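This is what each chain is made of:
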Amino acid sequence: MISRARMLTYPIWFSWLRWCPTSPEQLAQAESNILKHVLSKFKTSYITIEKDCHIRTIDVEAQEKVDGKSPLVLVHGFGGGVGVHIKNINSLSCRRRVLAFDLLGFGRSSRLPLSNDPDEVEEQYVTSIERWREHMRLESFVLMGHSLGAYLSCAYALRYPTRVKHLILVDAWGFGVKPEDERVVWTRDGENIEASLWARGLIGILGKLNPLAPLRITGPLGPRVMRMIRADIDLKYKKEIGDGVMSDYLYHCNAQTPTGEDAFCTLQGSVAWAKNPMLKRIGNLDQQVPITMIYGTRSWMDSSQGQSVRELRPYSYVDVQLVKGGGHHVYADRPEEFNESVETICEIVDNDAIDKTLTNRKE
């Protein structure tokens, strides 16, 4: 049960909605400033999955009604919300229904405290997604998750494989296994990246903090700080929604009570690694669930983990795609190429046309 999570307490002097210039109403307006650019007809709602526990949802109709098209469900990454998909929704909803939701503790979904046990908090997220699916009456769908959303999407597919027609993992977080060498702080392209003793000490200290706590600590300066440190975010979205709109949205998403952040810290073993990495479990995923892993060539994520997934699933479809010039937010960096890839995957699902050359299946 989601509501049985441990209770979190925050100091009175750190009351987010007083110290930080934010409110649920401001977040609602920031979301509206983005969603008004959705071209298709859509509905927004709160899906109640448990008493006092709601998931913020956007349900976008297909612009062109075509039978036999699988719905596509989008799951955002750490610190995000439904609004980050604005560069993808219009293109991907041309011929199919597209749905997106805010993970618990993020965006406009309920910010109930979640467990401080990594297995339990993962189960809480998986359960919330399944209850959301039941309320949305989705029999099966293409499931796409980014970063933390990819990790949780994979966890969902492990538990409910028959619901997932195709699993799209975009710059997935939480897959790699931390090397035993304590000098290694990250891997990229299969190469270990080491850090000095003092740098590892600093990383260790930062790892004990909520990643976005500094944003809230700055209080009234928070919106300005967000625009300064993530000016790249506004540049990515300026053409579609205007200057400053996305940074405003992300500020209000992350200046509120950070229960989703707490949950991420519970899942996180150290700054870059999950306590229960997916590479240790991906082999248990039903062989019939096809996977496509998409990485940006400029991302800090280790794209070699995609090849590791292929090796761990020798009798299953696993495709690894690299989008040239894309960073961690490849869906926003290179939206045309990204959307084309995702639509192609969905068409493959619709036509039951999996390329068996991308498996090692012996027939």
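Check the entry above for the structure.
One structure accompanies this document, and this report is about it.

What counts as what
- Residues numbered from 1 in each chain as written.
- Predicted model: local features only at pLDDT ≥ 70, side-chain atom pairs only at ≥ 80, totals over all residues.
- Heavy atoms only, no water.
- Helix = DSSP H or I, 4+ residues; strand = E, 2+ residues; numbered from the N terminus.
- Buried < 20%, exposed > 50% of the residue type's maximum accessible area, 1.4 Å probe, protein only.
- Contact = heavy atoms within 4.5 Å.
- Pairing = 2+ DSSP bridges.
- Right-handed = clockwise from strand over helix to strand, strands pointing away.
- Axes fitted to C-alpha atoms, helices over the stretch in contact; angles between N-to-C directions.
- Left-handed = near helix turned anticlockwise from the far one by under 90°.
- Nonpolar A, V, L, I, M, F, W, Y, C, P; charged D, E, K, R; others polar.
- Phe/Tyr/Trp six-rings, centres within 6.5 Å; stacked < 30°, edge-to-face > 60°.
- Lys NZ or Arg CZ within 6 Å of the ring centre and 35° of its normal.
- Expected span 1.5 Å × (residues − 1).
- Core = buried A, V, L, I, M, F, W, Y, C linked by side-chain atoms within 4.5 Å.
- Salt bridge = Lys/Arg side-chain N within 4 Å of Asp/Glu carboxyl O.

Things to note about the overall build of the chain
In terms of helices and strands, the chain carries 14 helices and 12 strands. Classification of the 363 residues of the chain by burial places 56% in the buried group. Pairs at least 24 apart in sequence give 76% of the contacts found in the chain among residues at least 6 apart.

Some words on the pairing of strand β6 (residues 164–170)
Successive side chains on a regular strand alternate, one facing one side of the sheet and the next facing the other. Counting buried positions along β6 gives six out of seven residues, so the element sits mostly inside the fold. Note that strand β5 (residues 141–146) and β6 share six bridges and pair parallel. Paired with Leu 143 across the bridge in β6 is Leu 167. Traced from β5 through helix α5 (residues 148–159) to β6, the parallel crossover comes out right-handed.

Some thoughts on the pairing of β5
The buried count for β5 comes to six of six residues, which makes it a mostly enclosed element. Covered by surrounding structure in β5 are Phe 141, Leu 143 and Gly 145 together with Val 142, Met 144 and His 146, the residues of both alternating faces. As defined by bridge partners, strand β3 (residues 72–75) adjoins β5 across four bridges and the pair is classed as parallel. Counted as the bridge partner of Leu 72 is Val 142 from β5.

A closer look at the packing of helix α2 (residues 24–35) against helix α10 (residues 245–254)
Direction vectors running N to C along α2 and α10 enclose 145 degrees, while the axes themselves pass 9 Å from each other. The handedness of the crossing between α2 and α10 is left-handed. Across the interface between the two elements, Gln 26, Leu 27, Ala 30, Glu 31, Asn 33 and Ile 34 from α2 touch Val 245, Met 246, Asp 248, Tyr 249, His 252 and Cys 253 from α10. Among the residues forming the contact of α2 with α10, the class breakdown is seven nonpolar, three polar and two charged.

Some remarks on the packing of aromatic side chains
Taken as a whole, this structure holds eight aromatic pairs when the rule is applied. Look at Phe 101 and Trp 132: their rings are 4.7 Å apart centre to centre, the planes differ by 45 degrees, and that puts the pair in the tilted class. Of the two residues, Phe 101 sits in strand β4 (residues 98–101) while Trp 132 sits in helix α4 (residues 118–136), which places them 31 residues apart along the sequence. Using a relative accessible area of 1% as the deciding quantity, one classes Phe 101 as buried. Aromatic rings pair up to connect Phe 78, Phe 106, Tyr 151, Trp 173 and Phe 264 into one cluster. In this structure, Lys 87 is placed above the aromatic ring of Tyr 237, and the distance from its NZ or CZ to the ring centre is 5.6 Å.

Some points on the sheet that holds strand β12 (residues 318–323)
With mixed pairing, the eight strands of this open sheet are ordered in space as β1-β2-β4-β3-β5-β6-β11-β12. Of all the strands in the sheet, just β1 (42–50) and β12 have a single pairing partner and so form its edges. Neighbour-to-neighbour, the strand axes of this sheet turn through a mean angle of 20 degrees, independent of strand direction. Relative to the sheet, α4 contacts β1, β2 (53–60), β3, β4 and β5, its axis offset from that of β1 by approximately 125 degrees.

What about α2?
In this model, α2 (12 residues) spans 16 Å end to end at C-alpha, consistent with the 16 Å of a helix rising 1.5 Å per residue. At its buried positions, α2 is contacted by β1, β2, α3 (86–92), α9 (231–241) and α10.

Description of the environment of Phe 78
Along the polypeptide, Phe 78 turns up in the loop between β3 and α3. Taking the relative accessible area as the measure of exposure, Phe 78 reaches 25% and is therefore partly exposed. Phe 78 sits 71 residues away from Gly 149 along the chain, and the two C-alpha atoms are 7.3 Å apart. Those residues in contact with Phe 78, other than ones at most four positions away along the chain, are Phe 106, Leu 148, Pro 211, Leu 212, Glu 261 and Phe 264.

Brief notes about the environment of Gly 283
Position of Gly 283 among the secondary structure elements: in the loop between β10 (273–274) and β11 (291–296). Given a relative accessible area of 46%, Gly 283 falls into the partly exposed group. Along the chain, Gly 283 and Val 309 lie 26 residues apart, while their C-alpha atoms are 7.9 Å from each other.

Description of the nonpolar core
Membership of the largest hydrophobic core comes to 50 residues, with the highest contact counts inside it found for Tyr 125, Trp 132, Leu 167, Leu 169 and Phe 175. With eight residues, α5 is the largest single contributor of residues to this core. With residues up to four places along the chain from it excluded, the contact list for Phe 175 reads Tyr 151, Cys 154, Leu 169, Pro 277, Met 278, Leu 279, Ile 282, Met 293, Gln 305 and Val 309. Ranked by size, the runner-up nonpolar core spans 43 residues in total, among them Ala 30, Met 144, Tyr 249 and Cys 346.

Here we look at the pattern of salt bridges
Under the counting rule described, the total for this entry stands at 20 salt bridges. In this structure, Arg 96 and Glu 343 form a salt bridge, with 3.2 Å as the shortest nitrogen-oxygen distance. Taken as a pair, Arg 96 in the loop between α3 and β4 and Glu 343 in helix α14 (residues 335–350) lie far apart in primary sequence, 247 residues in all. This pair shows no difference in class: Arg 96 is buried, exactly as Glu 343 is. Residues Glu 261 and Arg 216 are paired through a salt bridge, measuring 2.8 Å at the closest nitrogen-oxygen approach. In this pair, Glu 261 is assigned in helix α11 (residues 259–267) and Arg 216 in helix α7 (residues 213–217), connecting sequence segments 45 residues apart. Accessibility assignment for this pair places Glu 261 and Arg 216 in one class, buried. Ionic contacts of the salt-bridge type, sharing partners, join the residues Lys 69, Arg 95, Arg 96, Glu 343, Glu 347 and Asp 350 into one network.

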